[in-house]
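# Chain and residue survey
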Amino acid sequence: MYRLMMGLHSYLREKLLQEYLFPVNYNGYNGNMPATLARVNNTIKRSITPPPRYPDGKRLIKTETEPTPGCTIEPVKIGAATVYNQDCLTIFKKLTDNSVDLIVTDPPYFLDGMDNNWSDTKLKRKKDKSHVIGGLPVGMKFDPKQGIRLQEFFTKVSEEALRVLKPGGFMIAFSQGRLFHRLAIGAEDVGFEIRDMLMWEHNGGQGKAFTQDHFVKKMKMSGVKKQELITILQGRKTPQLRPKFEAILLAQKPKEGTHINNWLKWKTGLIKTDFEVSQTTVFNFEKPHREKTIDHMTVKPLGLMEQIIEVFSIEGQVVLDPFLGSGTTGVAALNKNRKFIGFEIEKRYFDMSVGRLSKHG
Ligand SMILES: C[S@@+](CC[C@H](N)C(=O)[O-])C[C@H]1O[C@@H](n2cnc3c(N)ncnc32)[C@H](O)[C@@H]1O
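Residues numbered from 1 in each chain as written. Predicted model: local features only at pLDDT ≥ 70, side-chain atom pairs only at ≥ 80, totals over all residues.

### Comments concerning the nonpolar core
Rules: Residues enter a nonpolar core if they are buried, belong to Ala, Val, Leu, Ile, Met, Phe, Trp, Tyr or Cys, and are joined to the set through C-beta atoms within 7 Å. With C-beta atoms placed from the backbone, a residue is labelled by how many other C-beta atoms lie within 10 Å of its own: buried for 20 or more, exposed for 12 or fewer, partly exposed between the two. Remark: residues whose backbone-derived C-beta atoms lie within 7 Å of one another are considered to be in contact.
Of all hydrophobic cores here, the largest spans 59 residues; its most connected members are Ile103, Met171, Ile172, Leu249 and Ile309. Ignoring anything within four residues of it in the chain, the contact list for Ile172 reads Ile103, Val104, Ile248, Leu249, Leu250, Ile308 and Phe312.

### Overview of the packing of helix H9 (residues 302-312) against helix H10 (residues 328-335)
Condition: The angle between two axes is taken between their N-to-C directions and runs from 0 to 180 degrees, where each axis is a line fitted to C-alpha atoms and a helix contributes only its stretch in contact. Helix numbering and strand numbering both begin at the N terminus, where a helix is a DSSP run of H or I of at least 4 residues and a strand a DSSP run of E of at least 2. We call two directions roughly parallel when the angle between them is under 35 degrees, roughly antiparallel when it is over 145, roughly perpendicular when it lies between 65 and 115, and oblique otherwise. Each crossing is labelled by how the near helix is turned from the far one, with a counterclockwise turn of less than a right angle marking it left-handed and a clockwise turn marking it right-handed. All amino acids are sorted into three groups, where Ala, Val, Leu, Ile, Met, Phe, Trp, Tyr, Cys and Pro are nonpolar, Asp, Glu, Lys and Arg are charged, and the leftover types, Gly among them, are polar.
Between H9 and H10, the least distance of the axes is 8 Å, while the angle of their chain directions is 55°. Overall, the two elements H9 and H10 adopt an arrangement that is oblique. Pair H9 / H10 crosses with right-handed handedness. Here Leu302, Met305, Glu306 and Ile309 of H9 lie close against H10, whose contacting residues are Thr328, Thr329, Val331, Ala332, Ala333 and Asn335. In terms of residue class, the contact of H9 with H10 is built from six nonpolar, three polar and one charged.

### A short note on the packing of helix H4 (residues 146-164) against helix H5 (residues 180-189)
Direction vectors running N to C along H4 and H5 enclose 35°, while the axes themselves pass 8 Å from each other. As for how H4 packs across H5, the hand of that crossing is right-handed. Along the contact surface, H4 presents Gly147, Leu150, Gln151, Phe154, Thr155 and Ser158, while H5 presents Arg182, Leu183, Ile185, Gly186, Ala187 and Asp189. Here the residues of the contact of H4 with H5 sort into five nonpolar, five polar and two charged.

### A few points about unusual backbone geometry
Despite not being glycine, Asn98 has its phi angle at roughly 50°, a positive value. Relative to the helices and strands, Asn98 is located in the loop between helix H2 (88-92) and strand E7 (100-105). Judged by the 15 C-beta atoms lying within 10 Å of it, Asn98 falls in the partly exposed class. Of note in this structure, Lys267 is not a glycine but carries a positive phi near 60°.

Purely geometric numbers; function is a separate question.
This is how it looks when you write it as structure tokens:
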């Protein structure tokens, strides 16, 4: 009986402390965090800062990623390219400090399954049902938590990126316009200097705005009133203009001393501008046609990646892409006579990039 009473007492005490006395606010999210409790001077104190969680108690992101079965931690070497089929956060640890000259990457958007546990099979399954993912075409679903998850993940990536880059070296990362700030803050918080926002201007993405007619038709009101409302809302759509560009983050690891000192020691930090047409912040390249070329959902134009590599590095230097996808950055790096290191978590994409790199070699 005594044991039962004590057990009940301790259960109630924990519940009271967790749910009523220590509500936690993290980045605007109020959630009840599990706390480690300790008795100090006869008062109960919470002894750790709990990990960030949503109100429903779920963690913001998984800290452990799940590599696709069949992944290997051993690299595949193809000429001047070394690629790993693994989670980037695991393989980053294999690289030594100040060993990379340039990072060019296109990280997952943390939307519709395109996150750090990107599963091509799962995405395909969803898409095959109706040619859309989660009811809306890929990238259209608005999820306010997406940015928070992306920032948390990208901060970890940036920490490693900063360590492996040489002083003055650049990290160039693609993003959707509405997520750019999350990448920039993640990179800045760990010590990168944000240099600019570049732009990949393309021929235009899928239109995303839609009318409200469908919802009006389902409202409980007379047919006449519905028609009136549709007329009032005519020409109005949800706030999504057709995208014509992708934002690109230009971040730099702080250089050592002056531009000249840094260049003499590391050969980084100064960029190539002597192109036929003066180099601006806007890179204009048509979107590659997915079905016609490479079967990856977010493949980048090869010419764009080549131009970025040419502007921000020199021949013989090491270019790294921690999110290889179909391997476009790798092929561009080899085409421009750079060495290349790449990581890709998804087996099918990894094989695809090995195929593309091998054709080059
Ligand atoms: C936006 S795509 C890159 C596409 C690439 N730019 C191209 O042209 O093909 C991002 C890639 O990152 C991979 N990825 C997601 N999380 C990862 C992780 N934790 N480590 C390594 N790769 C990851 C995904 O499988 C996906 O192929």
